[in-house]
Amino acid sequence: MNPLKQPTKPLADYFMSFQKMYPQPYNKKTASPYTKTRVILMNGTEYESVWFLHQFARHCAVDEIKHALAVVRKQEQQQQKLISCLKPLNESILETTLSYEQLAIDLTATLAQNDVDKTNIEALNFALLEDFDHLYRFSNLMLLDVKDADPEQLVGKYTEIMPGRPTVAHHRHPKDEIKPAMNAQKSSLYSKLVANIITAAEQQTMNYYMNIAQWYKNDLGRKLYAEIGMVEEQHVSQYESLKDPTCSWLEQWVLHEYTEAYLYYSAMQEETDANIKAIWAHFFEIECAHLQLAATLLAKYERKTYESVVGDGEFPQLLQHGTNKEYVREVLARTVMLTADRQHYIDVMKLKPNAEFFTYQEQVIADVATMPSHQVIAATIAKRGQDYRYQDKPHPVKELQSRTKDNTVIGRSRTAVK
């Protein structure tokens, strides 16, 4: 499939009426968990596109390009509004949150297993264990706050719910999030797509937690969203640093539109909800039109062909959502002790005593017992006698097998693993 060769209508024909912008939501009780995660992913992809186009416009002095950006941006805004309202009115903040974290886990694991770029893979695996832990913490909050809560059914039992690298270990000095950028001319098209996709997905999670914390119904929940939201900011910093910063604005635009077309086409192939499948198909056509416009402007103003950005234009292996239980377990067993040290990842036990990771931890964590990510587990244990988990077999990391004590040392201390 080559989106640059797909037939499209004139761009003006793709504006929607306000009536068409408000869709039929999915049924939260019958929809596949992966339908829900696709909705979140495409919402985040459109959000990324809109803000990229705004930033491009603020750095552009060419009227023809600015007019084109305005038209495409308006249509991307309409798409985003429609997608966001696929979420039903009766889906709670926490139910949506569990879908966000399931997306983060299974998307990250899938991308890591199919990429060939070592830097990308290391970054994906590192953040994977942190999003995995976030699902565990939010699931325990749900057990505290929601009557008849059943997190494992919400994730369809496709994703295990148990500790990852503990959230208290995620708080690092900001400089430790910046990783080596790829060379777009030497990187594979799939690797470039990976950096674009995961940045948009994590940014959407960051934005959701930034804005939703204030609406949660109790102090512990508000604090937990704030704490984990800070980690999501770190993930965005890590992932966006993987992109090649030397690409021109027009080259970036072509890759943004190509990424959207790739994701809509992938979603269309695997979607099980007929109504939403039709939306993905229609939006794929729109993105083909946007991509072809961006490619035309790249050729006109920079004398570059789209092949210089996306090769021959044929889609690489399509994205497929699915369970990754064994892969997550393998990464957990192998890398749970890692932390970040500038551009590298290192076993925390081998980190120098004066590393900024430790000084930053001391600044932001006055007392581990007061950290929301720890408090939610302690409260669940106090209420139920043990934490909440959904796991197919014992945890692959011995130090994280206890159901009656939250480990706040592993991954953050040089001196002991308790």
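Located above this text is the structure these notes cover.
What comes next concerns the included structure.

Reading the values: rules and limits
Residues numbered from 1 in each chain as written. Predicted model: local features only at pLDDT ≥ 70, side-chain atom pairs only at ≥ 80, totals over all residues. Heavy atoms only, no water. Helix = DSSP H or I, 4+ residues; strand = E, 2+ residues; numbered from the N terminus. Buried < 20%, exposed > 50% of the residue type's maximum accessible area, 1.4 Å probe, protein only. Areas by Shrake-Rupley, 256 points an atom, 1.4 Å probe, with all protein chains shown as cover. Lys, Arg positive; Asp, Glu negative; His and termini not counted. Charge placed at Lys NZ, Arg CZ, Asp CG, Glu CD. Expected span 1.5 Å × (residues − 1). Axes fitted to C-alpha atoms, helices over the stretch in contact; angles between N-to-C directions. Parallel < 35°, antiparallel > 145°, perpendicular 65-115°, else oblique. Left-handed = near helix turned anticlockwise from the far one by under 90°. Contact = heavy atoms within 4.5 Å. Nonpolar A, V, L, I, M, F, W, Y, C, P; charged D, E, K, R; others polar. Core = buried A, V, L, I, M, F, W, Y, C linked by side-chain atoms within 4.5 Å. Pairing = 2+ DSSP bridges. Salt bridge = Lys/Arg side-chain N within 4 Å of Asp/Glu carboxyl O. Phe/Tyr/Trp six-rings, centres within 6.5 Å; stacked < 30°, edge-to-face > 60°. Lys NZ or Arg CZ within 6 Å of the ring centre and 35° of its normal.

**Focus on the overall build of the protein**
Along the protein, the regular secondary structure elements total 14 helices and two strands. Dimensions along the principal axes, computed over C-alpha positions, put the protein at roughly 60 × 45 × 35 Å. Buried positions account for 59% of the 418 residues belonging to the protein. Total accessible area on the protein is roughly 17400 Å²; 53% of this is exposed by carbon and sulfur atoms. Counting 47 positive and 53 negative side-chain charges, the protein places the centres of these two groups 3 Å from one another.

**What to know about helix α7 (residues 189-212)**
Owing to its 3.6 residues per turn, the α-helix brings residues three or four apart onto one side. The end-to-end C-alpha separation of α7 is 35 Å, in line with the 34 Å expected for 24 residues at 1.5 Å each. Of all 24 residues making up α7, 22 are buried, and the element is well covered by its neighbours.

**Here we look at the packing of helix α5 (residues 118-145) against helix α8 (residues 219-240)**
The contact between α5 and α8 brings their axes to 11 Å, and the two run at 165°. If you check the angle between α5 and α8, you find them roughly antiparallel. α8 is crossed by α5, and the crossing has left-handed handedness. From α5, A123, L124, F126, A127, E130, D131, H134, R137, F138, L141 and L144 reach across to α8, where they touch L220, G221, L224, Y225, I228, V231, E232, H235, Q238 and Y239. When the residues that make up the contact of α5 with α8 are grouped by side-chain class, the tally is 13 nonpolar, four polar and four charged.

**Here's the deal with the nonpolar core**
Among soluble globular proteins, nonpolar side chains are generally buried collectively. Judged by nonpolar contacts, the single largest core of 120 residues is most densely connected at L41, L107, L111, F138, W253 and W280. Top contributing element to this core by residue count: α5, with 14 residues. In this structure F138 touches L94, T97, L98, E101, Y209, L224, Y225 and I228, once residues within four positions along its chain are discounted.

**Quick look at the pairing of strand β2 (residues 344-347)**
Direction of pairing for strand β1 (residues 338-341) relative to β2: antiparallel, over a ladder of four bridges. Of the residues in β2, the one forming a bridge with A340 is Y345. A loop of two residues connects β1 with β2, the two strands running antiparallel in sequence, and R342 in this loop sits at a positive phi of about 55°.

**Observations regarding the pattern of salt bridges**
Under the definition given, this model contains 21 salt bridges. Across the pair D387 and R403 runs a salt bridge, and its minimum N-O distance is 2.4 Å. Of the two residues, D387 is situated in the segment after α14 (372-384) and R403 in the segment after α14; the sequence distance between them amounts to 16 residues. We classify D387 as buried; its relative accessible area is 1%. Accessibility expressed as a relative area gives 25% for R403, which makes it partly exposed. Connected through salt bridges with shared partners, the residues E130, R165, R172 and E177 form a single ionic network.

**Re the packing of aromatic side chains**
Across all of its chains, the model carries 22 aromatic pairs by this definition. Here the aromatic rings of Y47 and W51 are separated by 6.2 Å at their centres, their planes lie at 50°, and the arrangement is tilted. With Y47 and W51 both in helix α2 (residues 33-57), this residue pair falls four residues apart, about one helical turn. Among the residues examined, Y47 registers a relative accessible area of 27% and is labelled partly exposed. Taking the centre distance of 5.3 Å and the plane angle of 70° together, the rings of F357 and F358 count as edge-to-face. The class for F357 is buried, based on a relative accessible area of 1%. Through successive ring pairs, a cluster of aromatic residues spans Y100, F138, Y208, Y209, Y216 and Y225. One residue, K179, lies across the ring of Y345, its end atom 4.4 Å from the ring centre.

**Overview of the environment of Q6**
In this structure, Q6 sits in the segment before α1 (18-21). Relative accessible area serves as the criterion here: at 27%, Q6 is assigned to the partly exposed category. Residues contacting Q6, with those up to four places away along its chain left out, are M1, F284, C288 and Q292.

**Observations concerning unusual backbone geometry**
The phi dihedral of R303 falls on the positive side, at around 55°, and the residue is not glycine. Tracing the chain through its elements places R303 in the loop between α10 (274-302) and α11 (307-310). Not every positive phi belongs to a glycine, and R342 is a case in point at roughly 55°. Among the structural elements, R342 can be located in the loop between β1 and β2. Residue classification places R342 among the partly exposed residues on the basis of a relative accessible area of 30%.

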